Amino acid sequence: SQTIHQWPATLVQPVGSPLSLECTVEGTSNPNLYWYRQAAGRGLQLLFYSIGIDQISSEVPQNLSASRPQDRQFILSSKKLLLSDSGFYLCAWSLRGEAFFGQGTRLTVV
Amino acid sequence: KNQVEQSPQSLIILEGKNCTLQCNYTVSPFSNLRWYKQDTGRGPVSLTIMTFSENTKSNGRYTATLDADTKQSSLHITASQLSDSASYICVVSIPNAGNMLTFGGGTRLMVKP
């Protein structure tokens, strides 16, 4: 069956520290992969999407980057976190109309 | 640009009452339209999925409708419960963009006793 794993569930990081959030998908091949951010009380904002290995599109300019080193692995990174990077980060995948979300990572930058 | 607009942004209702959430989209054509429920701090969970040829789909107390002519969908919640308090998100899948997902901004529903 198709599943999606996202970790960690919660993370507290100091300003200026690096970030790496990982998302892996099982039970499917060549899915579209997405990273979303949700600020408190706000809707989902698309950060990055990928249609294949090493094919990343950025939706908004920001302090973050994404990579897809393998077909079913999607990584969200930052070299130096800002306070404004705090939020709830969701990974998702879609393929031929099916779509699933990870459980999210609550990131607090202090 | 393909867009999905939801209304209202937020809604407060009393327990036991019904409510209807709206989703208007400009995406055309689309593969399917989904409604998700997102509890605070959790990932969205799918409630209903409809293709462009379907008019209605039910899942317990949740009923989604789709009017492909007016490009509108609605999610009707019957006999609301406190556990219905969550964000409800409308998502459209675009076939000629690799089934890319386009999200609405969501409606935050609060059910009060």
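Details of the structure are given in the entry above.
Bear in mind that the values here come from a model prediction, so they are computed numbers and not experimental data.

A. Fine view of the sheet that holds strand 3 (residues 19-25) of chain B. Residue and element names in this part refer to chain B. Spatial ordering of the open sheet is given by 1-3-8-7-6, a layout of 5 strands whose pairing is antiparallel. The two strands at the open ends of the sheet, each matched to only one other strand, are strand 1 (4-7) and strand 6 (56-59). When the angles between neighbouring strand axes are averaged without regard to direction, this sheet yields 15°. Direction of pairing for strand 6 relative to strand 7 (residues 62-67): antiparallel, over a ladder of 4 bridges. Opposite Ser58, over in strand 7, you have Thr63 as the bridge partner.

B. Region of interest: the pattern of salt bridges. Following the criterion strictly, the structure yields 4 salt bridges over all chains and no others. Of the charged contacts in the structure, one is a salt bridge between A:Asp85 and A:Arg37, with a shortest N-O distance of 3.8 Å. One end of the pair, A:Asp85, is in the loop between strand 8 (73-78) and strand 9 (87-95); the other, A:Arg37, is in strand 4 (residues 32-38), and 48 residues separate them in sequence. The two residues A:Asp85 and A:Arg37 agree in class, both being buried. With a closest N to O distance of 2.8 Å, B:Asp84 and B:Arg61 form a salt bridge.

C. How the structure looks around the state of the cysteines. Evaluation of the coordinates by the stated rule reveals 2 disulfides over all chains. Between the sulfur of A:Cys23 and that of A:Cys91 lies a disulfide, 1.9 Å long from S to S. Disulfide A:Cys23-A:Cys91: torsion about the S-S bond near -75°, hence left-handed. Pair noted here: A:Cys23 is in strand 3 (residues 19-26) and A:Cys91 is in strand 9, with a separation of 68 residues, a long-range link. Accessibility assignment for this pair places A:Cys23 and A:Cys91 in one class, buried. A sulfur-sulfur separation of 2.0 Å characterises the disulfide bridge that pairs B:Cys23 with B:Cys90. Its S-S torsion of about -65° marks the bond between B:Cys23 and B:Cys90 as left-handed, since a negative value means left-handed. With B:Cys23 in strand 3 and B:Cys90 in strand 9 (residues 86-94), this residue pair connects regions lying 67 residues apart in the sequence.

D. The interface of chain B and chain A, seen in detail. Taken together, the 18 residues of chain B in the interface contact 21 residues of chain A. Taken together, both faces of the contact between chain B and chain A bury some 1,600 Å²; the carbon and sulfur share is 53%. Viewed at the interface, chain A and chain B are joined by 0 salt bridges. Linking chain B to chain A there are 2 residue pairs in polar contact (both at pLDDT 80 or more). When residues of the side of chain B that touches chain A are traced back to their parent elements, those giving at least two are strand 4 (32-38), strand 9 and strand 10 (100-103) of chain B. No other element matches the 4 residues that strand 4 of chain B contributes to the side of chain B that touches chain A. Classifying every residue of the side of chain B that touches chain A by side-chain character gives 7 nonpolar, 8 polar and 3 charged.

E. Quick peek at the pairing of strand 10 (residues 98-101) of chain A. All names here are of chain A. Here strand 10 shows a clear split, with Ala99 and Phe101 buried on one side and none of Glu98 and Phe100 buried on the other. Relative to strand 10, strand 9 is paired through 4 bridges, and the arrangement is antiparallel. Residue pairing across strands places Trp93 opposite Phe100, the latter belonging to strand 10.

Definitions and cut-offs
- Residues numbered from 1 in each chain as written.
- Chains lettered and ligands numbered in written order.
- Predicted model: local features only at pLDDT ≥ 70, side-chain atom pairs only at ≥ 80, totals over all residues.
- Heavy atoms only, no water.
- Pairing = 2+ DSSP bridges.
- Helix = DSSP H or I, 4+ residues; strand = E, 2+ residues; numbered from the N terminus.
- Axes fitted to C-alpha atoms, helices over the stretch in contact; angles between N-to-C directions.
- Salt bridge = Lys/Arg side-chain N within 4 Å of Asp/Glu carboxyl O.
- Buried < 20%, exposed > 50% of the residue type's maximum accessible area, 1.4 Å probe, protein only.
- Disulfide = S-S within 2.5 Å.
- Contact = heavy atoms within 4.5 Å.
- Buried area = accessible area lost by both parts, 1.4 Å probe.
- Polar contact = N/O pair within 3.5 Å; in protein donor to acceptor, adjacent residues only side chain to side chain.
- Nonpolar A, V, L, I, M, F, W, Y, C, P; charged D, E, K, R; others polar.

That is the geometry; function is a separate question.
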